[in-house]
Every structure is written in structure tokens, then in C-alpha cells.
Amino acid sequence: QVQLVESGGGLVQPGGSLRLSCAASRSISSINVMGWYRQAPGKERELVATISSTSMTIYADFVKGRFTISRDSAKNTVDLQMNSLKPEDTAVYYCNAVVWRAGPDLKLWGQGILVTVSS
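The shown structure was predicted, so the numbers you read here are calculated from the model rather than taken from an experiment. (Residues numbered from 1 in each chain as written. Predicted model: local features only at pLDDT ≥ 70, side-chain atom pairs only at ≥ 80, totals over all residues. Heavy atoms only, no water.)

**Student:** Could you give me a rundown of the pattern of salt bridges, with the residues and numbers involved?
**Tutor:** Following the criterion strictly, the structure yields 5 salt bridges and no others. For Glu-46, the salt bridge is made with Arg-38, and the minimal N-O distance between the two is 3.0 Å. A salt bridge links Asp-89 to Arg-66; its shortest N-O distance comes to 2.8 Å. Of this pair, Asp-89 sits in the loop between β8 (77-82) and β9 (91-99) while Arg-66 sits in the loop between β6 (57-59) and β7 (67-72), and the two are 23 residues apart along the sequence. Take Arg-66: its relative accessible area is 11%, and that puts it in the buried class. (Salt bridge = Lys/Arg side-chain N within 4 Å of Asp/Glu carboxyl O. Helix = DSSP H or I, 4+ residues; strand = E, 2+ residues; numbered from the N terminus. Buried < 20%, exposed > 50% of the residue type's maximum accessible area, 1.4 Å probe, protein only.)

**Student:** Can you lay out the state of the cysteines for me, pointing to particular residues and giving the numbers?
**Tutor:** For the structure shown, the criterion picks out 1 disulfide. At a sulfur-sulfur separation of 2.0 Å, the disulfide partner of Cys-22 is Cys-95. In this structure, the disulfide formed by Cys-22 and Cys-95 twists by about -85° around the S-S bond and is classed as left-handed. Taken as a pair, Cys-22 in strand β3 (residues 18-24) and Cys-95 in strand β9 lie far apart in primary sequence, 73 residues in all. With respect to class, Cys-22 is no different from Cys-95; both count as buried. (Disulfide = S-S within 2.5 Å.)

Right, here's the structure in full:
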């Protein structure tokens, strides 16, 4: 059984910071890509950032310079440090993991965690 569990969400004022953590029930060294997506009410789910097992990263333009994604193999977690938060960042954030295979890729999703940026 493989599970992804998010933590660290909550309410923060504009300009503040939060750190999200995604804990995997298997070694993240065996997971090719992990990342964070988000979905605001009435909008499509969108990529925030991803990091590969070789530490290659991809960031959405709207978070560059503000968010940092990282891996911690000792804890089997992928973290998202979010600084200079804006009200537009309010959304449910989902952890994602992809394992490449000869057949269909194995795709895993966490339950999602709410981040609210408001004064």
C-alpha cells in the first residue's frame, strides 16, 4: 500500500509564509517525480511545482521566486516552502507522485489540504 499525506496547511495573512509537507509511505527514491498541484473553487487543477528523483525542478511562473520545492529522503517527504503569499494563492493543494513504468504510469494523489490567504 502506498499513501500520500499532506500537512501544514491553514490560514495565513497576505505576505506571510507556510510550509507544506507530503509524507509518502514508501521510499521517495523509488518515485520518479513528486510535486504539488492546486485547485481553487471553480477553476481547473494546476501545477505548482515538481521535483524529480534527480532533483530537477519545474515551477509555475506565478510562484517563481516565492515558492521552493525540496525532497528529504531521510523523512520520505516532499516539502513546499511558500513565502510572500497572496490571496490568489488560496486553494486546495494536492501532493502528487508518479512512477514511470513500461505500461501505464503509476499516479498517486493525496487527499488535499486547504491553504487560505486572507486578512
